[in-house]
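Spelled out from the first residue to the last, the chains are:
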Amino acid sequence: MPIPTPLHPRTAALCESQEWRNWAGYLAAGTYEPTHEREYYAIRNAAALIDVSPLFKYEVNGSDALRLVNRIITRNVARCAVGQVMYSPWCDDLGMVIDDGTIARLEENRFRITAAEPNLAWFQDCGVGLNAQVRDVSEELATLALQGPNARSILLKVVNDANLEGLRYYRFSPGNMGGIPLLISRTGYTGDLGYELWIDPQTAVKVWDKIFEEGEGFGIAPVGIVALDIARIEAGLVMLQVDYISARKALIEEQKSSPFELGLGWTVDLKKEYFIGRKALLAEKRRGSQWNLVGVEVDWTSLEREFSGVNLVPQVVGRASRSAVPVYRDDWQIGHVSSHTFSPILKKYIGIATIESRYAELGSPVEIEITVEYVRRKARATIVRLPFFDPPRKRA
Amino acid sequence: MRSSFQSESLHRTMVNKYDAIVIGGGHNGLVNAAYLARAGLKVLVLERRPVLGGASVTEEVFPGFRFSVFSYVVSLFRPEIVRDLNLPAHGLTILPLESTLTPLSNGDRLYRDSDHYRSMRDIARFSRRDADIYEDYSHAMYFMAKAVKYILGIVPPDPTSLHPGDLGSLYRLAKHFLGLGEEQLYTLTRLMTMSSADFLERWFESEPLKGTMSASGIIGTFLGPRSPGSAYVLLHHYMGEIDGVFRAWGFSKGGTGGLSQAIARAAQSFSAEIRTDAPVAQVIVRHAKTAGVVLENGDEIFANRVISSLDPKQTFLKLVDPRQLPDDLVSAIRKFNIHGSSGKVNLALDALPQFACWPGPGPHLRGAISISPSIDYIERAFDQAKYGDFSHQPYIDIVIPSMIDPDMAPPGKHVLSCFVQYAPYHLNEGNWEARRDEFGEAVVDTLAEYIPNIRNIILYRQVLSPWDIEQTVGLTEGNIFQGELSLWQLFFLRPAAGYARFRTPIQNYYQCGSGTHPGGGITGAPGRLAALEILKDLKQ
């Protein structure tokens, strides 16, 4: 049975829909209200407060901490200054992705890594012979994501001792909220302006209350993971076990993906002397990858045509779907869409797809399977660049 | 000497010559311009006011507080326009309006939102039967909205014509309606002929529900809920579609001006030119053909075609000399029914309004709030207007935009928009300049019955009578639809029989405002359909 997060006293009181999800063994609100609509628009139009405490968190300490982190992840963390955060996947020896997350350089030789799945044993095993300790701090930290265009205005009201105006994208700063110390990173899973707050679980509820108190005039809303899922697809952010399968969990080789195949080639620093999977990834780089992760945008006129055949308007608006559907080119299956949703902000039906590389050129026409009244049909679509939605305020 | 004069004249013409001039930068004018520019035409939009948008405009009337001064919610705007012009990329965001609250003077309330069973339970407090039938009503209306959706997308055929094009269009129309099925055809006939009260009473019995629903049948018209024809207006307000959901209402981020801005940016992305502070005095007509426009400052701008987005009275009786038009058209336009019937009161508030029926914050403040406790309440309000007075206890449709889009007011402060009916353009006693404040007082008094703290939190009040609406945005009599949505002036009769296809007797002079098919509301449909017809003429 899932257990409550440190913020449960607040989230439970607000969760009118009683729609709970099991996120890594914790109770996470799917939605707070009967529908996710307002929660979605809170992310894109005002401010959303999301309890992301179920994330796995690890701290790496010791004189070899930098060496260990650099062994694990594909990016070069030596380039990550203290006060900076990096996003990176990590791979097995064959260069297949195990998980992905953010790495914050807290001190010269102290890092914090977030992960979607448990990674303690893997990280510890990677560090054998190094003077570095890996500690699971998942339960020592509650995490709140404050996301949306008004996130900064709200934080400016509640946080002191932090240079928020100067806090750039993927940087963090210690701060203080009415005597409560916390760490604020400008990160998130929405592709919008946003922050994540790393807090002692004992004081988490107080932080929640303060943010809500000041956030009201800025349109803040508690947001569950149903709305978050739409936002992260718009942001083109992949999700473990949905858009790819961890190399540690795959049952067959075909289920595994390399960073190149996940559109994460930019995180692979082959100039780095060593990291786990480097040799295989070097070979893949030379050889070329079999798959590519891309966006697909469904042609609305085509959707309308398919639905008008049964006298309906397109029935695609609602929640994001994690059921994969095939993608075709000239009746030949060339891949699949792993996450798809109607984007309320873009007014388009979009999906994250894994496509055979030779068919994955941007602008290429494809067809994706849709179901119209229990009948499988094909709708025209185009391969597009990710992310779908990338407002300047995200980095500004 | 002579040849030099010629070349200078030629030069001047060349510099100023546009493929099309659109008169009026309201949402329909802008949509029209965007479609024409998208097709490669050199387009100029001329707007009289310093701001774009016509009646879809957001203005910071009071420092820090942004008002959707006139029109205030969005539903009817055609999704095909959003896609064709890629408006989301130009900043269009439609935020959901979540609910409808009907506060009652005894402290009770009726509250409906997207949680269907919760709404049912609330309706059941008034009538168990109404609660049960509520879903059936929605179901029936779904088909009605679908039935008229077809009409929204076509150019009205002329039923008296034997032209193959008209016959084909009439045939498809007949096929569409016969395809609806018996039950739906009957419902549609009822909607076309009945009063909204009679129509609703076939379904419902509880007053707050009937009152609130019947209000959709009178908004913007000079009809009461018991006037025949008001059921059609009910349908007109139901045919909106947001993301494939009929009857959904939303709020444009940044107010209704946000929508106009997005269309303007789309038009500009296709190289359309837009000028504000550029009032047009006259359309230049030579040999029954338009050649351009004269601005009020005397400047002449030449164009191959001119499109008026203004209402029919202005398009035919003001912008051109009526003597250049056929008598039957002039006569029809003079009789065109365009009564002003509503006003607008916009308030800047220091704090949240506290409803007696639901104190404190809550989801009810993010939806529509309707002062419509019963059909009789609205009918009585109409009675006063019928005899030339404004309603002293009016029907009010309230939204609090700052609760939906926090950028509309400073944090913790709010803007409250009241659409008020009835406010007839012609007053029996006095005039609007003298009685504007009295009207504002009547509205605030009515609000105070339901919102006890309202008087203490008003920082600023903007009162707009139909006369003010006419003065500011030019809509004749302040009629928000550019002409009543009555059956006798809809479809192939809008604005006049024989002139419903966006053309005029003057060659290359077109109409694209709400006074043409399919009528008023922020639909963009007249602007789009007119553009498609113009482009069709261009090909011939």
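Residues numbered from 1 in each chain as written. Chains lettered and ligands numbered in written order. Predicted model: local features only at pLDDT ≥ 70, side-chain atom pairs only at ≥ 80, totals over all residues.

1. Quick word on the overall build of chain A
Piece 1. What chain A contains, in helices and strands, is 9 helices and 19 strands.
Piece 2. Relative to a compact globule of 396 residues, whose C-alpha radius of gyration would be 21 Å, chain A shows 21 Å and is just as compact.
Piece 3. Put simply, chain A has 396 residues, and 51% of those count as buried. (Helix = DSSP H or I, 4+ residues; strand = E, 2+ residues; numbered from the N terminus. Rg over C-alpha atoms; globule rule 2.2 N^0.38 Å. Buried ≥ 20, exposed ≤ 12 C-beta atoms within 10 Å, placed from the backbone.)

2. Here we look at the sheet that holds strand S18 (residues 365-372) of chain A
Residue and element names in this part refer to chain A.
Piece 1. Taken in spatial order, the 6 strands close into a barrel running S14-S17-S16-S15-S18-S19, and their pairing is antiparallel. Along the sheet, successive strands turn relative to each other by an average axial angle of 40°, direction set aside.
Piece 2. Across 8 bridges, the pairing between S18 and strand S19 (residues 375-384) is antiparallel. Within S19, the residue paired with Thr 371 across the bridge is Arg 376. (Pairing = 2+ DSSP bridges. Axes fitted to C-alpha atoms, helices over the stretch in contact; angles between N-to-C directions.)

3. Observations concerning the sheet that holds strand S13 (residues 220-222) of chain A
One key point about sheets: their strands pair by backbone hydrogen bonds, in either a parallel or an antiparallel sense.
All names here are of chain A.
Piece 1. One open sheet holds the 6 strands; their spatial order is S10-S11-S12-S9-S3-S13, and the pairing between them is mixed. Sheet topology places strand S10 (172-177) and S13 at the edges, where each strand pairs with a single neighbour. On average, each strand axis in the sheet is tilted by 25° relative to the strand beside it, whichever way the strands run.
Piece 2. As judged from the 3 bridges shared by strand S11 (residues 180-185) and strand S12 (residues 194-199), these two strands associate in the antiparallel manner. The partner of Ile 184 across the bridge, within S12, is Leu 197.
Piece 3. Strand contacts of helix H6 (residues 204-215): strand S3 (47-51), strand S9 (142-147), S10, S11, S12 and S13, with the helix running at about 15° to S9, the strand carrying the most contacts. (Contact = placed C-beta atoms within 7 Å.)

4. Overview of the packing of helix H5 (residues 128-152) of chain B against helix H7 (residues 182-193) of chain B
Residues and elements named next belong to chain B.
Piece 1. The interhelical angle for the contact between H5 and H7, taken along N-to-C directions, is 80°, at an axis separation of 10 Å. The pairing of H5 with H7 is recorded here as roughly perpendicular in orientation. Every residue of H7 that contacts H5 at Ala 140, Phe 143, Met 144 and Ala 147 is listed here: Gln 184, Thr 187, Leu 188 and Leu 191.
Piece 2. Taken together, the residues that form the contact of H5 with H7 break down as 6 nonpolar, 2 polar and no charged. (Parallel < 35°, antiparallel > 145°, perpendicular 65-115°, else oblique. Nonpolar A, V, L, I, M, F, W, Y, C, P; charged D, E, K, R; others polar.)

5. Describing the domain arrangement of chain B
Piece 1. Entries for chain B in the domain assignment read domain 1 (2-52 + 254-336 + 482-539) and domain 2 (133-205 + 216-241).
Piece 2. Taken residue by residue, the interface counts 17 residues in domain 1 of chain B and 15 residues in domain 2 of chain B. (Domains from an automatic or database assignment.)

6. Observations concerning helix H14 (residues 375-386) of chain B
Residue and element names in this part refer to chain B.
Piece 1. The end-to-end C-alpha distance of H14 is 16 Å, a good match for the 16 Å that 12 residues give at a rise of 1.5 Å each.
Piece 2. Of all the positions in H14, only Ile 375, Tyr 377, Ile 378, Glu 379, Ala 381, Phe 382 and Ala 385 are classed as buried.
Piece 3. Along its buried surface, H14 packs onto helix H8 (196-201), helix H9 (207-215), strand S17 (395-399) and strand S18 (414-421).
Piece 4. Two residues or fewer after H14 comes Gly 388, characterised by a positive phi angle close to 90°. (Expected span 1.5 Å × (residues − 1).)

7. Thoughts on the interface of chain A and chain B
Accessible area lost during the coming together of the parts is what is often quoted as the interface size.
Piece 1. The partner chain B presents 17 residues to the 21 residues of chain A that form the contact.
Piece 2. Broken down by element, the side of chain A that touches chain B gets its largest block of residues, 4 residues, from helix H2 (residues 37-45) of chain A.
Piece 3. Across the side of chain A that touches chain B, the residue classes tally to 12 nonpolar, 6 polar and 3 charged.

8. Some remarks on the confidence of the model for chain B
Piece 1. Averaged over chain B, the pLDDT score is 93; the fraction of residues at 70 or greater is 97%.
Piece 2. Taken over the whole predicted complex, pTM reads 0.93, whereas the ipTM for its chain interfaces reads 0.91. (pLDDT = per-residue confidence, 0-100.)

9. Some remarks on the pairing of S10(A)
Piece 1. Alignment of S10(A) against S11(A), held across 6 bridges, turns out to be antiparallel. Counterpart to A:Phe172 in the pairing with S11(A) is A:Ser185.

10. Considering the domain arrangement of chain A
Residue and element names in this part refer to chain A.
Piece 1. As far as domains go, chain A holds domain 1 (8-52 + 141-223), domain 2 (57-127) and domain 3 (253-257 + 290-392).
Piece 2. For domain 1 versus domain 3, the distance between C-alpha centres works out to 31 Å.
Piece 3. On the side of domain 3, 7 residues touch domain 1, which itself brings 5 residues to the contact.
Piece 4. Among the residues making up the side of domain 1 that touches domain 3, the classes are represented as 1 nonpolar, 2 polar and 2 charged.

11. Re the pairing of strand S1 (residues 18-23) of chain B
All names here are of chain B.
Piece 1. In terms of burial, S1 is a largely internal element, 5 of the 6 residues being buried.
Piece 2. Inspection of the sheet shows S1 paired to strand S14 (residues 300-308) by 5 bridges, in the parallel sense. Counterpart to Val 22 in the pairing with S14 is Ile 307.
Piece 3. In the sheet, S1 pairs with strand S2 (residues 43-46) via 4 bridges, with the strands oriented parallel. If you follow Ile 23 over to S2, its bridge partner there is Leu 46.
Piece 4. In this view, the connection linking S1 to its parallel neighbour S2 by way of helix H2 (residues 27-38) has right-handed handedness. (Right-handed = clockwise from strand over helix to strand, strands pointing away.)

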